[in-house]
Amino acid sequence: MASSPTQRTFNAISRLDMKEQTIDEMYGIPENFLEIEVRNPQTHGFGRKMFTDYEIVCKTNIPAFKLKNSSVRRRYSDFEWFRDVLERETSRVNIPPLPGKVFTNRFADEVIETRREGLERFLQIVAGHPLLQTGSKVLSAFIQDPNFNRDVYNY
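Since the model is a prediction, treat every value here as computed from it, not as a measurement.

It is worth spelling out the sheet that holds strand β1 (residues 34–44) at this point. With respect to topology, three strands assemble into an open sheet ordered β1-β2-β3, the strand pairing being antiparallel. Two strands close off the open sheet at either side, each with one partner strand: β1 and β3 (69–75). Sheet twist, expressed as the mean angle between neighbouring strand axes with direction ignored, is 20°. The sheet contact formed by β1 and strand β2 (residues 51–60) spans nine bridges and is antiparallel. Residue pairing in the sheet places V38 in a bridge with I56 of β2. Contacts from helix α3 (residues 76–89) reach β2 and β3, with the element oriented near 100° to β3. Against the sheet, helix α4 (residues 109–127) engages β1 and β2, with an angle of about 150° to β1.

Calculation rules
- Residues numbered from 1 in each chain as written.
- Predicted model: local features only at pLDDT ≥ 70, side-chain atom pairs only at ≥ 80, totals over all residues.
- Heavy atoms only, no water.
- Pairing = 2+ DSSP bridges.
- Helix = DSSP H or I, 4+ residues; strand = E, 2+ residues; numbered from the N terminus.
- Axes fitted to C-alpha atoms, helices over the stretch in contact; angles between N-to-C directions.
- Contact = heavy atoms within 4.5 Å.

This is the structure we're talking about:
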(Lines give C-alpha, C1' and ligand atoms only; values in the text may rest on other atoms or scores of the structure.)
Protein backbone atom coordinates (compact mmCIF):
# COMPACT_ATOMS: atom_id res chain seq x y z
CA MET A 1 0.00 0.00 0.00
CA ALA A 2 1.46 3.36 -1.06
CA SER A 3 1.74 6.11 1.51
CA SER A 4 -0.04 9.42 1.00
CA PRO A 5 1.86 12.69 0.42
CA THR A 6 0.78 13.80 3.90
CA GLN A 7 2.19 10.62 5.46
CA ARG A 8 5.48 11.02 3.55
CA THR A 9 5.77 14.67 4.73
CA PHE A 10 5.06 13.65 8.32
CA ASN A 11 7.67 10.89 8.15
CA ALA A 12 10.24 13.31 6.71
CA ILE A 13 9.55 15.85 9.46
CA SER A 14 9.63 13.27 12.23
CA ARG A 15 13.07 12.12 11.03
CA LEU A 16 14.50 15.66 11.32
CA ASP A 17 17.22 16.07 13.86
CA MET A 18 15.44 17.84 16.73
CA LYS A 19 17.94 20.01 18.59
CA GLU A 20 17.37 20.90 22.23
CA GLN A 21 17.04 24.61 22.94
CA THR A 22 19.69 26.25 25.07
CA ILE A 23 18.79 28.21 28.22
CA ASP A 24 19.53 31.46 26.34
CA GLU A 25 17.21 30.45 23.50
CA MET A 26 14.43 29.60 25.95
CA TYR A 27 14.77 32.50 28.38
CA GLY A 28 16.96 35.11 26.66
CA ILE A 29 15.75 38.37 25.17
CA PRO A 30 13.89 37.64 21.94
CA GLU A 31 15.36 38.92 18.71
CA ASN A 32 12.56 41.46 18.35
CA PHE A 33 10.18 42.24 21.17
CA LEU A 34 7.54 44.87 21.80
CA GLU A 35 5.60 45.20 25.03
CA ILE A 36 3.00 47.92 25.28
CA GLU A 37 0.86 48.45 28.33
CA VAL A 38 -1.81 51.09 28.93
CA ARG A 39 -2.20 51.54 32.67
CA ASN A 40 -2.68 53.89 35.60
CA PRO A 41 -5.68 55.95 34.43
CA GLN A 42 -5.95 59.30 36.19
CA THR A 43 -8.92 61.65 36.13
CA HIS A 44 -8.20 65.39 36.28
CA GLY A 45 -10.26 68.59 36.54
CA PHE A 46 -13.76 69.37 37.71
CA GLY A 47 -17.22 69.51 36.16
CA ARG A 48 -17.22 69.95 32.38
CA LYS A 49 -13.41 70.21 32.36
CA MET A 50 -12.88 66.65 33.67
CA PHE A 51 -10.86 64.19 31.61
CA THR A 52 -8.98 60.94 32.12
CA ASP A 53 -5.52 60.23 30.79
CA TYR A 54 -3.65 56.94 30.60
CA GLU A 55 -0.02 55.96 30.96
CA ILE A 56 1.50 54.18 27.94
CA VAL A 57 4.51 52.05 28.90
CA CYS A 58 6.62 50.69 26.06
CA LYS A 59 9.52 48.23 26.21
CA THR A 60 11.08 47.21 22.91
CA ASN A 61 14.23 46.56 20.95
CA ILE A 62 12.62 47.18 17.55
CA PRO A 63 14.69 49.79 15.68
CA ALA A 64 11.61 51.74 14.53
CA PHE A 65 11.21 52.91 18.14
CA LYS A 66 13.78 55.42 19.35
CA LEU A 67 13.73 54.37 23.02
CA LYS A 68 14.05 50.92 24.57
CA ASN A 69 11.90 51.97 27.56
CA SER A 70 9.40 54.80 27.69
CA SER A 71 6.40 56.06 29.61
CA VAL A 72 4.02 58.81 28.46
CA ARG A 73 0.47 59.94 29.25
CA ARG A 74 -2.29 60.38 26.65
CA ARG A 75 -5.96 61.34 26.69
CA TYR A 76 -8.69 59.55 24.75
CA SER A 77 -8.90 62.56 22.40
CA ASP A 78 -5.19 62.05 21.63
CA PHE A 79 -5.94 58.44 20.66
CA GLU A 80 -8.77 59.64 18.40
CA TRP A 81 -6.42 62.05 16.64
CA PHE A 82 -3.71 59.34 16.39
CA ARG A 83 -6.09 56.80 14.85
CA ASP A 84 -7.32 59.39 12.33
CA VAL A 85 -3.71 60.17 11.30
CA LEU A 86 -2.88 56.47 10.91
CA GLU A 87 -5.87 56.03 8.61
CA ARG A 88 -4.77 58.98 6.47
CA GLU A 89 -1.13 57.82 6.38
CA THR A 90 -1.89 54.44 4.86
CA SER A 91 -4.62 52.75 2.89
CA ARG A 92 -2.76 49.41 3.01
CA VAL A 93 -3.43 48.73 6.70
CA ASN A 94 -6.83 48.27 8.29
CA ILE A 95 -6.63 50.41 11.45
CA PRO A 96 -8.66 48.83 14.29
CA PRO A 97 -11.38 50.82 16.03
CA LEU A 98 -10.95 52.54 19.37
CA PRO A 99 -13.25 51.66 22.24
CA GLY A 100 -16.45 53.66 21.80
CA LYS A 101 -17.15 57.11 23.16
CA VAL A 102 -18.98 57.06 26.48
CA PHE A 103 -21.46 59.79 27.33
CA THR A 104 -22.84 58.64 30.68
CA ASN A 105 -20.88 57.56 33.75
CA ARG A 106 -17.65 58.05 31.79
CA PHE A 107 -15.67 58.53 35.02
CA ALA A 108 -16.97 55.34 36.66
CA ASP A 109 -14.17 52.89 37.46
CA GLU A 110 -15.59 50.07 35.31
CA VAL A 111 -16.04 52.40 32.31
CA ILE A 112 -12.47 53.67 32.64
CA GLU A 113 -11.12 50.11 32.97
CA THR A 114 -13.03 48.90 29.90
CA ARG A 115 -11.69 51.85 27.91
CA ARG A 116 -8.14 51.23 29.19
CA GLU A 117 -8.30 47.61 28.00
CA GLY A 118 -9.58 48.71 24.58
CA LEU A 119 -6.88 51.37 24.21
CA GLU A 120 -4.21 48.82 25.14
CA ARG A 121 -5.50 46.32 22.54
CA PHE A 122 -5.59 49.09 19.92
CA LEU A 123 -1.99 50.17 20.61
CA GLN A 124 -0.66 46.60 20.68
CA ILE A 125 -2.14 45.96 17.24
CA VAL A 126 -1.00 49.17 15.53
CA ALA A 127 2.45 49.30 17.18
CA GLY A 128 3.07 45.67 16.28
CA HIS A 129 2.25 46.13 12.59
CA PRO A 130 5.46 46.17 10.49
CA LEU A 131 4.07 48.53 7.82
CA LEU A 132 3.09 51.07 10.47
CA GLN A 133 6.40 50.70 12.32
CA THR A 134 8.31 51.66 9.19
CA GLY A 135 5.81 53.91 7.43
CA SER A 136 4.13 56.04 10.08
CA LYS A 137 5.53 59.47 10.91
CA VAL A 138 3.68 59.65 14.25
CA LEU A 139 3.66 56.10 15.66
CA SER A 140 6.91 56.23 17.62
CA ALA A 141 6.37 59.80 18.85
CA PHE A 142 2.82 59.10 20.03
CA ILE A 143 3.91 56.05 22.00
CA GLN A 144 7.24 57.34 23.33
CA ASP A 145 7.68 61.13 23.27
CA PRO A 146 6.64 62.81 26.56
CA ASN A 147 6.71 66.18 24.76
CA PHE A 148 4.49 64.93 21.93
CA ASN A 149 2.39 67.74 20.47
CA ARG A 150 -0.07 66.95 17.71
CA ASP A 151 0.15 70.56 16.43
CA VAL A 152 3.69 69.75 15.21
CA TYR A 153 2.24 67.28 12.69
CA ASN A 154 0.52 68.86 9.70
CA TYR A 155 -2.51 66.59 9.53
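The rest of the description comes next.
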